Amino acid sequence: MRMKRERGISVNFYILGAAVVVLIIYMVVMMLRLRKAVTNLTQDEFIEGYRKAQLIDVREPKDFDAGHILGARNVPYSQFRQRYKEIRPDKPVYLYDQNGGKSARFALLLKKKGYAQLFHLQGGFRQWSGKVKSK
């Protein structure tokens, strides 16, 4: 009985270990794909270029209305499929969200749709100290 229990524990350990390895590989692959799809910009770099580009806030409307970067348009991540065509593929696209994660994924989706000049604000709106507009 004891040997059966030990085998069961070791099998569970191997399954858990394999799952962790698969998760780590997935995260590395996603990170590499994101790096190819979008250029991370510091706030200063973002400020240098966003006025000549399409500035897109991918947060939900309630967050956008609470405060957003001056000149930004709201195209929420949750509405990507319905609204991505509002963004011109021939002009640079500057994206941001609250922390930087969703805007990078949004950029990856745009890349798949043929967009090439994609940039996002490192750290997101949470770390923004530039001009802000709220309703």
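Before any of the text, the structure's been laid out above.
This section reports on the structure supplied with the text. (Residues numbered from 1 in each chain as written. Predicted model: local features only at pLDDT ≥ 70, side-chain atom pairs only at ≥ 80, totals over all residues. Heavy atoms only, no water.)

**Concerning the side chain of Asp57**
Relative to the assigned elements, Asp57 resides in strand 2 (residues 54-57). Setting aside chain neighbours within four positions, we find Asp57 in contact with Phe64, His68, Ala72, Arg73, Asn74, Val75, Pro76 and Tyr96. (Helix = DSSP H or I, 4+ residues; strand = E, 2+ residues; numbered from the N terminus. Contact = heavy atoms within 4.5 Å.)

**Describing a nonpolar patch on the surface**
Together, Leu16, Val20, Ile24 and Val28 make up a nonpolar patch on the protein surface, roughly 340 Å² of accessible area in all. As for its placement among the helices and strands, Val20 is situated in helix 1 (residues 2-37). Judged by relative accessible area, which is 41%, Val20 ranks as partly exposed. (Patch = residues over 30% accessible without salt bridge, like charges linked within 9 Å, V, L, I, M, F, W, Y side chains within 5 Å. Areas by Shrake-Rupley, 256 points an atom, 1.4 Å probe, with all protein chains shown as cover. Salt bridge = Lys/Arg side-chain N within 4 Å of Asp/Glu carboxyl O. Buried < 20%, exposed > 50% of the residue type's maximum accessible area, 1.4 Å probe, protein only.)

**Considering the environment of Leu95**
Mapping Leu95 onto the fold places it in strand 5 (residues 93-96). Residue class for Leu95 comes out buried when judged on its relative accessible area of 0%. Separated by 11 residues in sequence, Leu95 and Phe106 have C-alpha atoms that sit 8.2 Å apart. In this structure Leu95 touches Phe46, Ile56, Val58, Ser103, Phe106, Ala107, Leu110, Phe119, His120 and Leu121, once residues within four positions along its chain are discounted.

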